[in-house]
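Commentary on secondary and tertiary structure
Each chain, written out:
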Amino acid sequence: MKDIEIITQSERIENLFEPYKSVIGNDYLGYRNHVYRTLSYAMHFLEGNDTYRTLIETALVYHDIALWTDKACAYLEPSEKLAVKDNIEKSWSLDSEALRAVIHWHHKITTYKGPHKDPVEAVRKADWIDANRGKVRKGMQRIHIEKVEAALPNEGFHQSLVRLAGENGGSTMKGLFKVTRGIMKW
């Protein structure tokens, strides 16, 4: 595989984040960098093919957002719902089912084989890489992960996930259980 393009800036992502920055609060920079790391990995899996870039950028801004907007441990469905609502209300003209699928299946443990497979699989593998900080690489070269992480530091993202599980779930242990039960897909 060729060298990875590290995406650190996107006008679309920045515009999509704007109405939610105050809700995300102090976790914004960590979540923002998670989105860009995941986008960089996903686009690499798609070999730079921009066909799905707008869809993926949009899905990534929304994929975990209900952790903040809804204070939900099982955040996939409320994240999907908000993304589809904004897609319709703001006339983005994205395929709502594709948008929903990318968000819904991004924590799937096994390979996704359903509709919209290419963007769903690219994001699924990319999010797994970032969620475990490169311990599971899904075929991504370690050097690529190191470069992406150096360009887009964690900024406390993973710690904020643990904190939010506790805040949203009643305690850290209960919250992590609820998150795991609510987001993992086979």
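Whatever comes next refers back to the structure up there.
We now turn to the structure provided with this report. Everything numeric in this text was worked out from a predicted model, so none of it was measured.

A few words on unusual backbone geometry. Even without glycine at this site, Glu47 takes up a positive phi of about 55°. By relative accessible area, Glu47 is classed as exposed at 60%. In the Ramachandran plot, Ser93 falls in the positive-phi region, its phi being about 65° despite a non-glycine side chain. In this structure Ser93 comes out as exposed when scored by relative accessible area, which is 70%.

Right, let's get into the nonpolar core. Phe17, Ile24, Tyr31, Tyr41, Ile56 and Tyr62 are the most contacted members of the largest nonpolar core, which has 52 residues in total. The element contributing the most residues to this core is helix H3 (residues 28-45), with nine residues. Ignoring anything within four residues of it in the chain, the contact list for Phe17 reads Ile24, Tyr28, Tyr31, Arg32, Val35 and Val61.

Moving on, we get to the pattern of salt bridges. Throughout the structure, instances matching the rule amount to 13 salt bridges. One salt bridge connects Asp3 with Lys147, and the closest N-O pair in it is separated by 3.0 Å. Of this pair, Asp3 sits in the segment before helix H1 (11-17) while Lys147 is found in helix H9 (residues 142-151), placing the two residues 144 residues apart along the sequence. Residue class for Asp3 comes out partly exposed when judged on its relative accessible area of 45%. Classification of Lys147 by relative accessible area gives partly exposed; the value is 34%. Glu80 is the partner of Arg100 in a salt bridge, and the nearest nitrogen-oxygen pair spans 3.7 Å. One end of the pair, Arg100, is in helix H7 (residues 96-104); the other, Glu80, is in helix H6 (residues 76-89), with 20 residues separating them in the sequence. Residue Arg100 is classed as partly exposed on the basis of its relative accessible area, which comes to 29%. With relative accessibility at 5%, the residue Glu80 sits in the buried group. In the salt-bridge network here, residues are joined through shared partners; they are Lys85, Asp86, Glu89 and Lys90.

Quick look at helix H8 (residues 117-131) now. The end-to-end C-alpha distance of H8 is 20 Å, a good match for the 21 Å that 15 residues give at a rise of 1.5 Å each. Burial of H8 is extensive: 11 of the 15 residues sit out of reach of the surface. Those residues of H8 that sit buried are Pro119, Val120, Glu121, Ala122, Val123, Arg124, Ala126, Asp127, Trp128, Ile129 and Asp130. Positioned one or two residues after H8, Arg133 has a phi angle of 55°, which is positive.

Here the structure, examined in full by the defined rule, presents seven aromatic pairs. With a centroid separation of 5.2 Å and 85° between ring planes, the pair formed by Phe17 and Tyr28 is classed as edge-to-face. With a gap of 11 residues between them, Phe17 in helix H1 and Tyr28 in helix H3 connect regions that are remote in the sequence. For the residue pair Phe17 and Tyr28, the accessibility class agrees, reading buried in each case. Their ring planes at 20° and their centres at 6.2 Å tell us that Tyr31 and Phe157 sit as a pair that is stacked. With Tyr31 in helix H3 and Phe157 in helix H10 (residues 157-169), this pair connects stretches of sequence that are 126 residues apart.

Scoring rules and cut-offs
- Residues numbered from 1 in each chain as written.
- Predicted model: local features only at pLDDT ≥ 70, side-chain atom pairs only at ≥ 80, totals over all residues.
- Heavy atoms only, no water.
- Buried < 20%, exposed > 50% of the residue type's maximum accessible area, 1.4 Å probe, protein only.
- Core = buried A, V, L, I, M, F, W, Y, C linked by side-chain atoms within 4.5 Å.
- Helix = DSSP H or I, 4+ residues; strand = E, 2+ residues; numbered from the N terminus.
- Contact = heavy atoms within 4.5 Å.
- Salt bridge = Lys/Arg side-chain N within 4 Å of Asp/Glu carboxyl O.
- Expected span 1.5 Å × (residues − 1).
- Phe/Tyr/Trp six-rings, centres within 6.5 Å; stacked < 30°, edge-to-face > 60°.

Without other data, these values stay purely geometric and don't point to any function.
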